[in-house]
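Here is what each chain is made of, one letter per residue.
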Amino acid sequence: DTGVSQDPRHKITKRGQNVTFRCDPISEHNRLYWYRQTLGQGPEFLTYFQNEAQLEKSRLLSDRFSAERPKGSFSTLEIQRTEQGDSAMYLCASSTYSGTETQYFGPGTRLLVL
Amino acid sequence: AQSVAQPEDQVNVAEGNPLTVKCTYSVSGNPYLFWYVQYPNRGLQFLLKYITGDNLVKGSYGFEAEFNKSQTSFHLKKPSALVSDSALYFCAVRGQDGGYNKLIFGAGTRLAVHP
């Protein structure tokens, strides 16, 4: 299966530490998205890349969050100085470039900040 | 602003009975609508989408959805529910007004299918 993969699947950290998550999209997909899902809610959009260019960022993405996609393949999402409110599931999705593309999601990284 | 509402937190149905999971949307133009399902400890799986054309859309695992423009609804249906359909279901609409590349999700509906 060559779906979207994410690593790690689970992360427990202490408040104030930095964490980094990785996403590997479906190989032929040039668009990559990050979402955040908190308990009892639907996913909320964070940011989106087309190839290596970060083209859109949500207001949810504070200065402590940074995302990269250096070679237009995998992406990383870093959270600096984590806070308890950052505890959530971080989902990555990818799609091809078209007007009606379907976003395919990875299994997510569940973050718990103590 | 675009939005999606899923009015039911949970839907209970007996195995073999038809099921409906409701979704209403608010957009300023023509909507692109999606349904996803989420099983425990797994990501969202795509079920189906409506872009244009026939109002009845067929998707994976026997699910279908009916687009109703006048009622701004996109309800998910299945003629005969299975216990294995028990999961969290999300309706989503593609963003507009400069946010074309994001999906806006509802809060989700938990479907419980009882044997």
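Residues numbered from 1 in each chain as written. Chains lettered and ligands numbered in written order. Predicted model: local features only at pLDDT ≥ 70, side-chain atom pairs only at ≥ 80, totals over all residues. Heavy atoms only, no water.

Undergrad: Could you give an account of the overall build of chain A, naming the residues involved and the relevant values?
TA: Broken down by element type, chain A carries zero helices and 11 strands. Across chain A, helices and strands are ordered from the amino to the carboxyl terminus as β-β-β-β-β-β-β-β-β-β-β. Taken over C-alpha atoms, the radius of gyration comes to 13 Å for chain A, in line with the 13 Å a tight globule of 114 residues would show. In terms of its C-alpha atoms, chain A occupies a principal-axis envelope of roughly 40 × 30 × 25 Å. Looking at chain A residue by residue over its 114 residues, the buried ones come to 48%. Across chain A, contacts joining residues at least 24 apart in sequence account for 54% of those joining residues at least 6 apart. (Helix = DSSP H or I, 4+ residues; strand = E, 2+ residues; numbered from the N terminus. Rg over C-alpha atoms; globule rule 2.2 N^0.38 Å. Buried < 20%, exposed > 50% of the residue type's maximum accessible area, 1.4 Å probe, protein only. Contact = heavy atoms within 4.5 Å.)

Undergrad: Kindly report on the pattern of salt bridges, identifying the contributing residues and their values.
TA: This model, assessed by the stated rule, comprises seven salt bridges over all chains. We note a salt bridge from A:Arg22 to A:Asp24, for which the minimum N-O separation is 2.7 Å. Owing to a relative accessible area of 34%, A:Arg22 belongs among the partly exposed residues under this scheme. Between B:Glu66 and B:Lys77 there is a salt bridge, with the nearest N and O atoms lying 3.3 Å from each other. Of this pair, B:Glu66 sits in strand 8 (residues 64–68) while B:Lys77 sits in strand 9 (residues 73–78); the two residues are 11 residues apart in sequence, bridging distant segments of the chain. Looking at B:Glu66, the relative accessible area reads 38%, which means it is partly exposed. (Salt bridge = Lys/Arg side-chain N within 4 Å of Asp/Glu carboxyl O.)

Undergrad: An account of the state of the cysteines is requested, with residue identities and associated values reported.
TA: Formally, a disulfide is one covalent bond, and it connects the sulfur atom of one cysteine to the sulfur atom of another. Residue and element names in this part refer to chain B. Evaluation of the coordinates by the stated rule reveals two disulfides over all chains. Note on cysteine connectivity: Cys23 is disulfide-linked to Cys91, with sulfurs 2.0 Å apart. What sets the handedness of the Cys23 and Cys91 disulfide is the S-S torsion sign, and at about -60° it is left-handed. You can see Cys23 sitting in the loop between strand 3 (19–21) and strand 4 (24–26) and its partner Cys91 sitting in strand 10 (residues 87–94), a full 68 residues away along the chain. Each member of the pair, Cys23 as well as Cys91, carries the same accessibility label: buried. (Disulfide = S-S within 2.5 Å.)

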